[in-house]
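# Residue-level structure breakdown
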Amino acid sequence: MWERYSRQIITSVIGEKGQRKLRESSVLLVGCGGLGSAIATTLVRAGVGKLRIVDRDFVEITNLQRQILFDEDDLNTNIPKAVIAERKLKRVNSDVKIEGIVADFNPTNAESFSDGVDLILDGLDNMEGRFLINDLSIKKGIPWIYGTCLSTYGLTFNIIPGKTPCLRCVYDNFENRSITCETVGIIGSTVVTIASIQSAEAIKILTGNEKDLRTDLLFVDLWKNEFEKIPISHLKKEDCPACGMRKFDFLEGKNVSSVMSICGSNSIQINPPVKKLLELEKIVEILKPYGTVVFNEYLAKFFYQNYEITIFKDGRAIIKGTSDPSTAKSLYSKFLGM
């Protein structure tokens, strides 16, 4: 077992003691797109004990430019990213317990997904989900690592409950911003760079080397060759809604929308008003008169006019072909009647 990790073990910062701690650790990775697929690959190869991956999406052609876990064979399989990631990562390292969960990370499931984990990693593409992770982290005392990228630049910092500023200390107001990789683009090397930094910080935490953690916000612009450390320790606030006053608005569902634009795909995700499991076989029979339907054990995909509608067992749907929430809601209501 140790031979696999020998080049890592002989470093002065990990050793056999650190490797054992890695093997005993458990990590929750939320999102398996650009950042998430690179983080997952790095941590599995490093020998983390257990990796739980939560992702709501499936592979599209525009993903392949930067999402290093996926390839052309994954296109049009209608298999969710979380399932593909689990299968591929198990072939990379069979020592690691890998759990791929096809779900939208939201207030109804966030706490259960974080049970028993030592660290949470951000592989998301939206701030709403990150504020939810932040609430979860503070409430349960689990460290997490924030990361984001756009165009040629990205940034990351660590949140250690009780010690560092949290996300709501740094970002005073929640904004659901319209600037995404769909509007300004993204370079793959930027994604891998930020994911590598997140992974390095994760390994420090999991091996008990918190003294070596970065305490600042790191901003990187690869095109301009700029690496800037921005101090944030002074931003920790006693009156912060989350870490100061322990008001978990996002975890309690107070600031969570049922309709969400998906970065880079001209798609809208809709969460049903009432959570319930669907029988996909019955849904397929209902949809057949209106257009082409394909399905498997994970989802049903329905092609109607210029839209592609993907329906998951939990009632969630992704409507591709529109960025207009009203159009997406109308289609959802027309075919699912919820």
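All of these numbers come straight from a predicted model, not from anything done at the bench.

What follows deals with the packing of aromatic side chains. The full count for this structure, using the stated rule, is 9 aromatic pairs. Ring plane angle 15 degrees and centroid distance 5.1 Å describe the contact between Phe131 and Phe250, whose orientation is recorded as stacked. Here Phe131 is found in helix 6 (residues 127-140), whereas its partner Phe250 is found in the loop between strand 8 (226-231) and strand 9 (259-262), with 119 residues between them in sequence. In this structure Phe250 comes out as buried when scored by relative accessible area, which is 1%. Where Tyr290 meets Phe335, the ring centres are 5.3 Å apart and the plane angle is 75 degrees; that geometry is what we call edge-to-face. Highlighted residues: Tyr290 in the loop between helix 10 (280-287) and strand 11 (292-295) and Phe335 in helix 11 (residues 325-336), separated in sequence by 45 residues. Overall, the relative accessible area of 10% leaves Phe335 in the buried class.

So, on to the nonpolar core. Val27, Leu43, Leu51, Ile53, Leu89, Leu119 and Leu121 are the most contacted members of the largest nonpolar core, which has 49 residues in total. Within the residue set of this core, elements represented by two or more residues are strand 1 (26-30), helix 3 (34-46), strand 2 (50-55), helix 4 (81-92), strand 4 (119-122), strand 5 (144-150), helix 9 (188-206) and strand 7 (216-221). Once residues within four sequence positions are removed from consideration, Leu89 is found in contact with Ala40, Thr41, Val44, Leu51, Ile53, Leu69 and Ile98. Judged by nonpolar contacts, the second largest core, of 36 residues, contains Val54, Phe105, Ile232 and Cys240.

Let us look at the sheet that holds strand 10 (residues 267-270). The strand order across the open sheet built from 6 strands is 9-10-14-13-12-11, with neighbouring strands paired in antiparallel fashion. Of all strands in the sheet, those with a lone pairing partner are strand 9 and strand 11, marking the two edges. For this sheet, the mean angle separating the axes of adjacent strands, direction not counted, is 20 degrees. Against the sheet, helix 10 touches strand 11, strand 12 (299-304) and strand 13 (307-312), its axis set at about 170 degrees to strand 11.

For the rest of this paragraph, the subject is the environment of Ala300. Here Ala300 shows up in strand 12. On the accessibility criterion, Ala300 (0% relative accessible area) is buried. As for Ala300 and Val48, which are separated by 252 residues in sequence, their C-alpha atoms are 34 Å apart. Those residues in contact with Ala300 that lie beyond four places of it in its chain are Leu280, Val284, Val294, Phe295, Ile309, Thr310 and Ile311.

Once that is clear, we can look at helix 11. With 12 residues, helix 11 extends 16 Å between its outermost C-alpha atoms, agreeing within 8% with the 16 Å of an ideal straight helix rising 1.5 Å per residue. Of the positions making up helix 11, those classed as buried are Ala328, Leu331, Tyr332, Phe335 and Leu336. The buried residues of helix 11 occupy an angular sector of 100 degrees when projected down its axis, which confines them to one face. In this fold, the buried residues of helix 11 make contact with strand 10, helix 10, strand 12, strand 13 and strand 14 (317-320).

Here is what the cut-offs are and how they apply
- All residue numbers here refer to positions counted from 1 along the written sequence of the relevant chain.
- Whole-chain, interface and lining totals are the exception, using all residues; otherwise, since this is a predicted model, local features are given only for residues with pLDDT of at least 70 and side-chain atom pairs are given and counted only at 80 or more.
- Excluding hydrogens and water, the side-chain figures rest on all heavy atoms present in the structure.
- The criterion for an aromatic pair is that two Phe, Tyr or Trp rings (for Trp, the six-membered ring) have centres within 6.5 Å, with stacked assigned to planes under 30 degrees apart, edge-to-face to planes over 60 apart and tilted to the rest.
- Secondary structure follows DSSP: runs of H or I at least 4 residues long count as helices, runs of E at least 2 residues long count as strands, and numbering of each begins at the N terminus.
- Each residue's exposure class comes from its accessible area (1.4 Å probe, protein chains only) as a fraction of the maximum for that residue type: buried when under 20%, exposed when over 50%, partly exposed otherwise.
- Working definition of a nonpolar core: buried Ala, Val, Leu, Ile, Met, Phe, Trp, Tyr and Cys residues. They are joined through side-chain atoms within 4.5 Å.
- The criterion used for residue contact is that any of the two residues' heavy atoms lie within 4.5 Å.
- Think of it this way: DSSP has to see at least two bridges between two strands before they count as a pair.
- Lines fitted to the C-alpha atoms define the axes, with helices restricted to the stretch that makes contact. Angles between their N-to-C directions range from 0 to 180 degrees.
- Expected span of a helix, by definition, is 1.5 Å for each gap between consecutive residues, and there is one gap fewer than residues.
- In this description, the arc belongs to the directions extending from the helix axis to the C-beta atoms.

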